[in-house]
Amino acid sequence: MKSTRLLKIVAALLILALPLWLRNEYMLHIAISIGIYIMLALSLNTIVGYAGQFALGHAAFYGIGSYVTALLLLNTDLSFWLVLPIAGLVTGLFGFILGSPVIRLRGDYLGIVTLGFGEIIRLIFVNWVDVTRGPMGLPGIRSPELFGYTFTSSADFYYLVLVLVAITVLVIYRVVHSGMGLSLLTVREDEVVAESIGIRPTKYKLIAFTMGALFAGVAGAFYATYISFISPDSFLYTDSVMILAMVVLGGMASVTGSILGAIVLVVTPELLRFASDYRMMLVGLAIVLMMVFKPQGFWGESRRKRNFYGKELADKPQKSAAAVSDSNSAT
Amino acid sequence: MEVLKLEGVTVKFGGLVAVNNVDLTMNKGEILALIGPNGAGKTTLFNLLTGIYTPTSGRITFKQKEINAFKPYKRVEMGIARTFQNIRLIKSLTVLENVLVAHPECHSEGLFQSIFLTRAVKEKRKRIVEECMDVLRTVGLHAKVNELANNLPYGEQRLLEIARAMVTKCQLLLLDEPAAGMNSQEKQSLVDLIRLLSKKYEMEILLIEHDIRMVMSIADRVVVLDHGEKIAEGVGAEVQNNPKVIKAYLGEEIDENE
C-alpha cells in the first residue's frame, strides 16, 4: 500500500520534470504526441467502451477541433485560452448533432455511419477552399500566450498538454465513476433492463457522444497550436482506426487502459524505426497477437474498481451483515 | 381502492391477438397472481404494464392516470417496476452496483455534480448506498455486495432482480416467474419475502407463477389467462374448481362410454 503510493509520487515527479532530464526535442515531441493521443483515446473510450457505441470517425472530431482553433486564431484576435474551450464546445455540439440520429442504430450500422461522417468532414476540409485553403492547409497558427509570455519551446507545450491531459483524465474518470458511469454500463449491456429501471438509453448515449467529441476537440485545439500548421491529411480514416486500436488494445471501459494503449501505440512505431518499411507491419502483428492472447486488453474492465460508488460504505457492510442476518433469521 | 385498472385491453401483433379484451383491477396492498398455460399472454400483459408494448385498444390506468402511451422510464418514475422471466442482470457489475443503478437519485446525478464531487454529493451517495443496503438486507444479499452478479447462484440472482426493482421505490411490483428454477426451500423463503415486502412497503404485487401450490398460498386473488383472454378470476379454491380453468390446463374430458 505504502510502496504503491511512493511509486506514484516518484512517477508524478518524473513526469513533471520530464523536460529537465529529457533534453531532446525528438523525445519531447513523442511525449507530447502521447499526451494528445491519451486525450483522444480516453474520449473515444467513453463512446466505445462505456456507452458501447462502435464509432469509427473519431478523427473527424479531432479535425473539427483543430480547424475551429486554427480559423479562430488566424482570423480573429481572440486569445488561445478562449479559443480552446470554444473549439471544445463546437466539437461537442457536432458530437451531439451526429449522435442524435446515430444512436438509434446498432453495432455495425453505427460504425458505417460514423465512418461516413469522418469522410464527409475530411472532404469538407479538402473542398471548402475559401475557408480551409483545401489540401494546402492552414499555416502560421499562433502560439498561446500567457501573461505576455509566448509558448515557443517544446517544454512549454509539454506542460500545456500535461495540464490538458490531467483535466481530461480527471473529468472523464469522475464521470465514469459516478451514477452516470453505472448507467452507461447498464445501457451498454442491456437497454431493456436500463429502461425497466428508469434509465433513458438515448440520453446517456448522447451524453457520451457529446463528451467524447468535446475532449477530442480539445485535443485538436492543442494540436493546431502546437504544430502551427494543419491540413486535411492529419485527420484521416487511419487516424480514427489508430485511436480505436488504442482503446481496444488498452482495454475497453478502462481509463488506465486508454492511457496505456496510447503510450504503447505511440512509442512502439518509434522504437521500430530501425525496421524502416516493416515497422507498421510489425505494429499490426503486435496488435493481432495481443487480441488473440489477451482480448480484454492491457488493463481491461475486469480490473475495474468494484463498488466505486460510495466506496467508503461498500466495504463496511461485511461487518454489520452478520448482526443483521441474525435478526432476520429470528423473525 | 383501485391502484391499477385495465379496461378492455387488447394487443395485436399483425394477425395474432396476444391479449384480448382483458379487464383487470388491482386494489391497494393486494397480491395478485396471474396464471395460465404457456403462451396465454401473461408476459405480454407484463410488457404492456411496463410500457414495452402499447395496447392496440383499451385503457390502462395507474393511480387514476391513463398510462397507455407512457414510455417505460416514465412508468418507473410513477412506481411500476418489474423483474424478468429470463434473468437480466448486468453481469459485469457487482451485486451492489446492480441495485445502485436502479436508484432514482443515482442515475439522476448531474454531470457537474459528478465532476466536482463536493461534500454534499458524497453525503448523498452515502445515503443512496445505505438505502440500497437496506433493500439488499431485506432480500438477504447484504453479505455478497462485492460479488459480480454473474457469480451468484441462480436463486440469488432472482432475489437480486427483486431487490433492483424494489430500489426504484415502486408501488406496483411485477414479478415474472420469480420462483422458476428454485428448489422447494428457496421457494418457501421467496414466499416469505414476498409477504414481507407486501406488508413492509405496503406495495401491490402482481406475479406470474406456474407453481399452483405457491400461488394458492400467497395470492389474495388469482386471474387466469388462456389464449389472451381472461377466463377466470377469484380467490384460490374458486378458481381451482372452475371448469374453464381445468379445461385450459388439462383439456376436455373424454366420454368413457364411447
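Residues numbered from 1 in each chain as written. Chains lettered and ligands numbered in written order. Predicted model: local features only at pLDDT ≥ 70, side-chain atom pairs only at ≥ 80, totals over all residues.

Novice: Residue-level account of the overall build of chain A, with values.
Specialist: The number of helices and strands found in chain A is 16 helices and two strands. Relative to the globule expectation of 20 Å for 331 residues, the C-alpha radius of gyration of chain A, 22 Å, shows essentially globular dimensions. Burial analysis of chain A (331 residues in total) assigns 44% to the buried set. Across chain A, the fraction of contacts at a sequence separation of at least 24, relative to all contacts at a separation of at least 6, is 78%. (Helix = DSSP H or I, 4+ residues; strand = E, 2+ residues; numbered from the N terminus. Rg over C-alpha atoms; globule rule 2.2 N^0.38 Å. Buried ≥ 20, exposed ≤ 12 C-beta atoms within 10 Å, placed from the backbone. Contact = placed C-beta atoms within 7 Å.)

Novice: Outline the overall build of chain B, listing residues and values.
Specialist: Scanning chain B from N- to C-terminus turns up eleven helices and ten strands. A globule of 258 residues ought to have a C-alpha radius of gyration of about 18 Å, and chain B, at 20 Å, matches this closely. In terms of its C-alpha atoms, chain B occupies a principal-axis envelope of roughly 80 × 40 × 35 Å. Counting all 258 residues of chain B, 43% fall into the buried class. Of all intrachain contacts in chain B linking residues separated by at least 6 positions in sequence, the fraction that spans at least 24 positions is 67%.

Novice: Describe the sheet that holds strand 8 (residues 204–208) of chain B, and please don't skip the residues or the numbers.
Specialist: All names here are of chain B. Sheet architecture is open: six strands sit in the order 6-7-8-3-9-10, paired in mixed fashion. Strands with a single pairing partner mark the edges of an open sheet, and in this sheet they are strand 6 (80–82) and strand 10 (229–234). Neighbour-to-neighbour, the strand axes of the sheet open up by a mean angle of 20 degrees, direction not taken into account. Packing against the sheet, helix 1 (residues 42–50) makes contact with strand 3 (31–35), strand 6, strand 7 (172–176), strand 8 and strand 9 (221–226), and its axis sits at approximately 150 degrees to strand 7. (Pairing = 2+ DSSP bridges. Axes fitted to C-alpha atoms, helices over the stretch in contact; angles between N-to-C directions.)

Novice: Tell me about the domain arrangement of chain B, and please be specific about residues and values.
Specialist: Residues and elements named next belong to chain B. For chain B, the assigned domains read domain 1 (1–79 + 170–258) and domain 2 (91–169). Summarising the inter-unit geometry, the C-alpha centres of domain 1 and domain 2 are found 28 Å apart. Taken together, the contact between domain 1 and domain 2 spans ten residues of the former and nine residues of the latter. Sorting the residues of the side of domain 1 that touches domain 2 by element identifies strand 7 and helix 8 (184–200) as the ones contributing at least two each. When its residues are assigned to classes, the side of domain 1 that touches domain 2 shows seven nonpolar, two polar and one charged. (Domains from an automatic or database assignment. Nonpolar A, V, L, I, M, F, W, Y, C, P; charged D, E, K, R; others polar.)

Novice: Residue-level account of the interface of chain B and chain A, with values.
Specialist: Of the residues lining the interface, 38 residues belong to chain B; the matching set on chain A comes to 33 residues. Here the side of chain B that touches chain A gets seven residues from one element, more than from any other, and that element is helix 6 (residues 119–139) of chain B. When grouped by side-chain class, the residues that make up the side of chain B that touches chain A number 19 nonpolar, nine polar and ten charged.

Novice: Please give an account of unusual backbone geometry that cites residues and values.
Specialist: In this structure, A253 of chain A is a non-glycine residue whose phi angle is positive, near 50 degrees. Checked against the element boundaries, A253 of chain A lands in the loop between helix 12 (237–250) and helix 13 (255–271). A positive phi angle, near 50 degrees, is found at E202 of chain B, a position not held by glycine. The topology assignment puts E202 of chain B in the loop between helix 8 and strand 8. Judged by the 10 C-beta atoms lying within 10 Å of it, E202 of chain B is exposed.

Novice: If you had to explain the sheet that holds strand 5 (residues 65–66) of chain B to someone new, which residues and values would you point to?
Specialist: Residue and element names in this part refer to chain B. Ordered by their spatial adjacency, four strands build an open sheet running 2-1-4-5, and the pairing between neighbours is antiparallel. Bordering the open sheet on either side are strand 2 (16–27) and strand 5, each of which pairs with just one other strand. As paired strands, strand 1 (residues 2–13) and strand 4 (residues 57–62) are joined by five bridges and run antiparallel to one another. Across the sheet, the residue bridging to E7 is R59, located in strand 4. Here helix 1 sits on the sheet in contact with strand 1, strand 2 and strand 4, set at roughly 65 degrees to strand 2.

Novice: Lay out the packing of helix 5 (residues 80–102) of chain A against helix 11 (residues 201–227) of chain A with the relevant residues and their values.
Specialist: All names here are of chain A. Axis separation between helix 5 and helix 11 bottoms out at 7 Å; the angle between their running directions is 145 degrees. Considering how the two elements wind past one another, helix 5 and helix 11 form a crossing that is right-handed. Here the residues of the contact of helix 5 with helix 11 sort into 16 nonpolar, eleven polar and one charged. (Left-handed = near helix turned anticlockwise from the far one by under 90°.)

Novice: Would you mind going over the environment of R213 of chain B in detail, with residue names and values included?
Specialist: In this structure, R213 of chain B sits in helix 9 (residues 212–218). The class for R213 of chain B is exposed, based on 11 C-beta atoms found within 10 Å.

Novice: So what's going on with the pairing of strand 10 of chain B? Which residues, and what values?
Specialist: Residues and elements named next belong to chain B. Inspection of the sheet shows strand 9 paired to strand 10 by five bridges, in the antiparallel sense. The residue of strand 10 that forms the bridge with V223 is E233. Between strand 9 and strand 10, which follow one another and run antiparallel, lie two residues, and H227 among them has a positive phi close to 45 degrees.

Novice: Just give me the short version of the environment of P85 of chain A, but keep the residues and values in it.
Specialist: By the secondary structure assignment, P85 of chain A is in helix 5. Along the sequence, P85 of chain A and F215 of chain A sit 130 residues apart, while their C-alpha atoms lie 9.8 Å from each other.

Novice: So what's going on with the pairing of strand 9 of chain B? Which residues, and what values?
Specialist: Pairing geometry for strand 3 of chain B and strand 9 of chain B, over four bridges, is parallel. Each residue of the ladder has a partner; that of L34 of chain B, found in strand 9 of chain B, is V223 of chain B.

Novice: Could you give an account of the confidence of the model for chain A, naming the residues involved and the relevant values?
Specialist: Per-residue confidence for chain A gives a mean pLDDT of 85, with 93% of residues at or over 70. Contacts from residues 317–331 of chain A, a stretch scored under 50 in pLDDT, to residues over four places away or in other chains number ten contacts. (pLDDT = per-residue confidence, 0-100.)

Novice: Can you tell me about the packing of helix 12 of chain A against helix 13 of chain A, naming the residues and giving the values?
Specialist: Between two packed helices, the angle of one axis relative to the other and the distance separating the axes together describe the packing. Residue and element names in this part refer to chain A. Axis separation between helix 12 and helix 13 bottoms out at 7 Å; the angle between their running directions is 125 degrees. When the axis of helix 12 is compared with that of helix 13, the two are oblique. In the packing of helix 12 onto helix 13, the handedness of the crossing is right-handed. Side by side, helix 12 and helix 13 meet where M242, A245, M246, V247, L249 and G250 of the first sit next to G257, S258, L260, G261, A262, V264 and L265 of the second. Split into classes, the residues belonging to the contact of helix 12 with helix 13 amount to nine nonpolar, four polar and no charged. (Parallel < 35°, antiparallel > 145°, perpendicular 65-115°, else oblique.)

Novice: Describe the environment of I141 of chain A, and please don't skip the residues or the numbers.
Specialist: Residue and element names in this part refer to chain A. Among the structural elements, I141 can be located in the loop between helix 7 (129–132) and strand 1 (145–146). Sequence separation between I141 and G217 is 76 residues, and the spatial gap between their C-alpha atoms is 16 Å. Excluding anything up to four places from it in sequence, I141 contacts A70, L73, L74, A224, T225, S228 and F229.

Novice: So what's going on with helix 11 of chain A? Residues and values would help.
Specialist: Residues and elements named next belong to chain A. With 27 residues, helix 11 should reach 39 Å at 1.5 Å per residue; the first-to-last C-alpha distance of 39 Å fits that figure. Taken across its 27 residues, helix 11 has 23 buried, putting it largely inside the fold. Directly after helix 11, the chain includes S228, whose backbone phi takes a positive value near 65 degrees. (Expected span 1.5 Å × (residues − 1).)

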